[in-house]
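Each chain, written out:
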Amino acid sequence: MESNELLEIYFSEAEDLLQRIEKNLLALEEAPEDPALVQEVFRAFHTMKSSAAMVGFDSISEYAHLLENLLERLRSGRLPTSRSLISHLLTGQGLLRTMVEKVSRGEEAISPTELSAQKEQLARFMGLQVAEEPPPVASPVPLAIEKREHFYRISLSFHEDLFFSGQDPLMLLKELQYLGEMVQVQTDCSRVPGLGEINPFTLYLNWKIIFRTEEPLTSIEEVFCFVMEGNQVTLQDVTQEFPEGIDRSLADKRIGDILLDEGIINPEDLQEALQDQKKIGQVLLEKGKVAPEALSQIMASQEKSRSLLRRSTIRVDTQKLDHLANLIEELSVNQSRVSHELEEKGQYASRILWEEMDRVAQNLKEIREQVMRVRMFPLEGTFQRLQRMARDLAIEEGKEIKCEIHGTETELDKDLIEQITDPLKHCIRNCIGHGIETPEERRKSNKAPLGLLAIKAFQREGKIYIQIEDDGRGLDEEAIYQKAVEKKLLPSGSRPASAELQRLILLPGFSTAREVTDLSGRGVGLDVVRDQISRIGGQIEISSAPGQGTTITFSIPLTLAVMEGLRIDVGGEPYIVPLPSVLKVRVIKDQDLKTIEAREEVLRFEERYIPAVRLEKILGIPGETRKDSKKIALILDSHRRRFALLADQILETRQVVIKGLETNFRSIPGFAGGAILGDGSVCLILDIFGLDRMIFGD
């Protein structure tokens with residue numbers, strides 16, 4: 001395997017492991033008595049250590065080894081689970097992430113001095129001297145030490161008078177054990193009669209065994225060489241079904257089916273458990289049908305198998321997907337040209353050719369949708385990091401919170417996930433800094449001392465909604481109003497409705513905090529949130545009730561790669577306006593426009609005047625402004641204000657694949673990108689938020 005490929009696999013696996021460690025540590029804090037979570041974190045640190053050593057990242061391996069030691073003490077009961085311990089482990093996980101990121105950039109993971117300090121800190125936490133823990137044994141040439149393990153499926157169906165031939169099946173099984181490990185043993189007891197009918201000289205049992213060994217098949221056959229004749233003994237090499245020593249088939253099986261296959265339960269037990277609405281394992285455990293150790297072992301094996309399945313998933317660079325999308329778009333253009341030619345031929349065109357072109361168009365649409373789906377990622381990883389951040393911030397602020405995450409399976413375009421992460425962080429910082437009270441304050445308000453912060457995601461009407469909800473004190477509308485009057489944003493004595501008042505906190509520099517803290521109070525944050533969400537075509541809504549909490553809702557498009565647009569004509573040039581920004585389209589006459597100070601034009605819309613903008617004037621398109629008797633006014637919402645964009649005519653609505661201008665030319669203010677039309681021409685897409693800033697400034 002090429003070293004680059006090996007490193008690529010390592011970094012991919014490390015990210016998965018770090019996410020799993022973080023997720024399970026947060027869960028362990030909520031359920032400190034759950035040994036499965038401890039075991040899961042232990043295994044993840046162990047794998048981090050081994051895989052880092054394999055690719056030569058010794059400092060990462062060494063530090064992961066120390067954390068593994070700490071987990072071992074927790075696993076053996078020598079350390080209790082505490083918030084302090086979880087914090088230490090989370091800090092360690094964060095340091096590991098930083099180290100991995102550094103080596104991925106070709107930098108040193110950690111300086112020897114810092115590593116030594118970290119080791120001392122961990123040793124102090126464990127009450128040990130650093131020297132007590134032996135360093136990990138790194139594998140300088142990892143691939144050379146790989147062992148050639150084999151897995152065999154052994155089926156033993158003996159004749160019932162086997163004992164009379166001088167053979168004892170238990171002795172055979174003991175001899176087999178010397179050659180390797182019995183991974184799985186199923187004993188068939190179906191031939192065992194009632195107690196009064198048992199003959200001690202008759203063999204009633206059969207076995208099916210999964211056996212792991214480094215020995216060749218001939219060595220296994222030698223064990224059974226004296227019973228091969230007259231009995232049904234089969235040996236099958238099934239090594240391919242156990243990559244990395246893990247049973248691949250367990251990933252897709254249900255716990256109940258695995259327990260049934262293992263012979264731990266019978267079909268009646270499973271059927272009885274299925275009648276309850278709880279998890280099968282939980283039901284069987286409660287009914288005493290399965291021992292906790294057996295269930296834990298089965299679940300651990302299944303998790304290994306699922307981990308293997310996850311690792312076998314192909315990861316594709318998004319640039320390759322973008323390239324594929326571009327090719328599909330070019331194919332669409334070619335298809336449009338052929339359709340155009342067919343239209344020109346009119347009745348002379350073949351009906352069959354028309355039908356085939358329709359099928360091609362449908363296929364192209366489906367391929368494009370599938371490619372766009374590949375770009376989608378679940379929000380689980382992002383939400384998990386936010387959950388961790390909320391926990392750490394609350395501890396720093398001396399607050400107690402429970403952070404719940406919902407809808408983690410909701411998928412969003414990868415580029416969008418990257419762009420919404422910072423806005424989400426801003427909002428969570430504000431919820432913890434401003435919203436959720438200290439335990440003492442909550443008790444005085446007859447609230448539970450534990451505050452609730454919920455991060456939710458769901459899809460509705462072609463959009464993704466993300467909500468951040470707290471049960472804190474809510475927005476102080478009186479303070480907002482007084483600050484707005486002080487800043488001359490509102491006239492004194494004119495108090496708007498709650499919704500309008502609450503949206504003022506999205507203005508730059510607006511803050512009602514009495515003190516500036518590390519978390520909040522500078523009035524920087526929510527206006528940045530609003531701007532970033534607007535840039536990706538999203539919206540932000542705030543809802544708050546005094547004493548009950550605040551909910552911030554983002555509504556964002558599913559993807560940035562494709563959009564619905566309105567193609568308009570301005571001065572003979574076509575432009576595409578993003579459809580979500582269009583509130584209304586009106587046909588107006590010149591007399592509908594009013595001029596202010598002989599310069600600015602306004603248009604009446606919903607009982608108020610809004611600015612009317614001529615695009616050719618803003619963009620400096622040469623030529624005189626056309627004075628037609630009729631114009632098209634597109635009423636747009638930039639999320640900062642509403643204004644009318646004047647166009648000569650509307651050509652069509654269409655779905656387009658957005659192509660970045662930076663890739664092919666350079667960024668141009670006021671334009672979000674370009675799109676290739678059916679006739680092969682390029683049409684620029686307007687950036688309504690950017691256009692707002694060009695026209696009206698900040």
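Residues numbered from 1 in each chain as written. Predicted model: local features only at pLDDT ≥ 70, side-chain atom pairs only at ≥ 80, totals over all residues. Heavy atoms only, no water.

*Asks:* Hey, could you run me through the overall build of the protein chain in this one?
*Replies:* A tally of helices and strands in the protein chain yields 22 helices and 22 strands. Long-range contacts, defined as pairs at least 24 residues apart, comprise 67% of the intrachain contacts of the protein chain with a sequence gap of at least 6. (Helix = DSSP H or I, 4+ residues; strand = E, 2+ residues; numbered from the N terminus. Contact = heavy atoms within 4.5 Å.)

*Asks:* Quick question: what am I supposed to make of the sheet that holds strand E18 (residues 630-637) here?
*Replies:* Taken together, six strands build an open sheet; the order of strands is E14-E18-E19-E17-E16-E15 and the sheet is mixed. The sheet is open, and its two borders are formed by strand E14 (582-589) and strand E15 (593-596), each paired with just one other strand. Looking at each pair of strands side by side, their axes are set apart by 35° on average, direction ignored. In this structure, E15 lies alongside strand E16 (residues 600-605), joined through four bridges in antiparallel fashion. (Pairing = 2+ DSSP bridges. Axes fitted to C-alpha atoms, helices over the stretch in contact; angles between N-to-C directions.)

*Asks:* What exactly am I supposed to notice about the packing of helix H2 (residues 35-54) against helix H3 (residues 58-75) here?
*Replies:* Between H2 and H3, whose axes approach to 8 Å, the crossing angle comes to 160°. Between H2 and H3, the angle falls in the class roughly antiparallel. Handedness of the crossing formed by H2 with H3: left-handed. Touching Val-38, Gln-39, Val-41, Phe-42, Phe-45, His-46, Met-48, Lys-49, Ala-52 and Ala-53 of H2 are Ile-60, Ser-61, Ala-64, His-65, Leu-67, Glu-68, Leu-71, Glu-72, Leu-74 and Arg-75, all from H3. For the contact of H2 with H3, the per-class residue count stands at twelve nonpolar, four polar and four charged. (Parallel < 35°, antiparallel > 145°, perpendicular 65-115°, else oblique. Left-handed = near helix turned anticlockwise from the far one by under 90°. Nonpolar A, V, L, I, M, F, W, Y, C, P; charged D, E, K, R; others polar.)

*Asks:* Just checking my understanding: could you explain the sheet that holds strand E10 (residues 539-545) for this structure?
*Replies:* Strands belonging to one sheet form pairs held by backbone hydrogen bonds; the direction of such a pair is parallel or antiparallel. The five strands are arranged E6-E8-E9-E11-E10 in an open sheet whose pairing can be described as mixed. What marks the edges here is a single partner per strand, and that holds for strand E6 (401-406) and E10. Within this sheet the neighbouring strands show an average axis-to-axis angle of 15°, counted without direction. When E10 meets strand E11 (residues 549-557), the two strands line up antiparallel, connected through seven bridges. In the sheet register, Ala-545 faces E11, and the bridge partner there is Gly-549. Its contacts with the sheet put helix H19 (residues 526-535) on E10 and E11, and the angle it makes with E10 is roughly 140°.

*Asks:* Got a minute to help me understand the pairing of strand E8 (residues 451-460) in this structure?
*Replies:* Looking down a regular strand, the side chains alternate between one sheet face and the other. Two strands pair when backbone bridges link them, and E6 and E8 are joined in this way by six bridges, in the parallel orientation. Across the sheet, residue Ile-405 finds its bridge partner in E8, namely Ile-455. Bridge count between E8 and strand E9 (residues 463-470): eight bridges; the pairing is antiparallel. Within E9, the residue paired with Phe-458 across the bridge is Tyr-465.

*Asks:* It is not clear to me how the packing of aromatic side chains should be interpreted in this structure. Could you clarify?
*Replies:* Two measures describe an aromatic ring pair: the distance that separates the ring centres and the angle between the ring planes. Scanning the model with the defined rule gives five aromatic pairs in all. Considering the side-chain rings of Phe-151 and Phe-242, the 4.6 Å spacing of their centres and the 5° angle between planes classify their relative orientation as stacked. Of this pair, Phe-151 sits in strand E1 (residues 150-157) while Phe-242 sits in the loop between strand E4 (232-237) and helix H8 (255-261), and the two are 91 residues apart along the sequence. Overall, Phe-242 belongs to the buried group, its relative accessible area being 5%. (Phe/Tyr/Trp six-rings, centres within 6.5 Å; stacked < 30°, edge-to-face > 60°. Buried < 20%, exposed > 50% of the residue type's maximum accessible area, 1.4 Å probe, protein only.)

*Asks:* Got a minute to help me understand the nonpolar core in this structure?
*Replies:* Soluble globular proteins tend to pack their nonpolar side chains together in the buried interior. In this structure, Ile-420, Ile-428, Ile-466 and Phe-554 are the most contacted members of the largest nonpolar core, which totals 44 residues. Of all the elements, helix H15 (residues 414-435) adds the most residues to this core, at eight residues. Sequence-distant contacts of Ile-420, that is, excluding residues within four places in its chain, are made with Leu-379, Leu-412, Ile-466, Ile-533, Ile-536 and Ile-556. Counting 40 residues, the second largest nonpolar core, distinct from the first, contains Leu-17, Val-41, Phe-42 and Ile-60. (Core = buried A, V, L, I, M, F, W, Y, C linked by side-chain atoms within 4.5 Å.)

*Asks:* What am I meant to see in H15 here?
*Replies:* Residue pairs spaced three or four apart in an α-helix point in one direction, given the helix's 3.6 residues per turn. With 22 residues, H15 ought to run about 32 Å at 1.5 Å a step, and its terminal C-alpha atoms sit 30 Å apart, in line with that. Along H15, the helix axis deviates most sharply at Ile-420, where the bend reaches about 30°; the proline Pro-423 sits within four residues downstream. All of the buried residues along H15 are Leu-416, Ile-417, Ile-420, Thr-421, Pro-423, Leu-424, Cys-427, Ile-428, Asn-430, Cys-431, Ile-432 and Gly-435. (Expected span 1.5 Å × (residues − 1). Bend = angle between axes of the 7 residues up to and from the residue.)

*Asks:* I tried to follow unusual backbone geometry on my own but got confused; where do I start?
*Replies:* Excluding glycine, a negative phi dihedral is what most residues carry, and trans is how most peptide bonds are arranged. One non-glycine residue with positive phi stands out, namely Glu-606, at about 50°. Given the relative accessible area of 53%, Glu-606 is considered exposed. Notably, Glu-607 is not glycine yet its phi reads approximately 65°, a positive angle. Tracing the backbone through its elements, the reader meets Glu-607 in the loop between E16 and strand E17 (608-614).

*Asks:* Teacher, can you tell me more about the pattern of salt bridges here?
*Replies:* Side-chain pairs of opposite charge can arise whenever the charged atoms involved come near each other. Within this structure, the stated rule accounts for 29 salt bridges. Residue Arg-495 is joined to Glu-478 by a salt bridge in which the shortest nitrogen-to-oxygen separation is 2.6 Å. Placement of Arg-495 in the loop between helix H17 (477-486) and helix H18 (498-502) and of Glu-478 in helix H17 is noted, with a sequence separation of 17 residues between them. Of the residues examined, Arg-495 reaches a relative accessible area of 41% and is grouped as partly exposed. Here Glu-478 falls in the partly exposed class, since its relative accessible area comes to 38%. (Salt bridge = Lys/Arg side-chain N within 4 Å of Asp/Glu carboxyl O.)

*Asks:* I keep staring at the confidence of the model for the protein chain and nothing clicks. Help me out?
*Replies:* Caution applies to low-pLDDT regions: their predicted coordinates should not be interpreted in detail. Averaged over all residues, the pLDDT of the protein chain equals 80, while 86% of them reach at least 70. Confidence, read as mean pLDDT per element, is least for helix H21 (residues 661-664) in the protein chain (63) and greatest for helix H16 (residues 439-444) (93). Low pLDDT (under 50) marks residues 128-146, which in the prediction has 23 contacts with non-local residues, meaning those over four places away or in another chain. (pLDDT = per-residue confidence, 0-100.)

*Asks:* Please clarify how the environment of Asp-527 should be interpreted in this entry.
*Replies:* Among the structural elements, Asp-527 can be located in helix H19. Asp-527 sits in the buried class, given a relative accessible area of 12%. C-alpha of Asp-527 to C-alpha of Pro-423: the two residues are 104 residues apart in sequence and 9.7 Å apart in space. Every residue in contact with Asp-527, bar those within four places of it in the chain, is listed here: Leu-506, Leu-507 and Pro-508.

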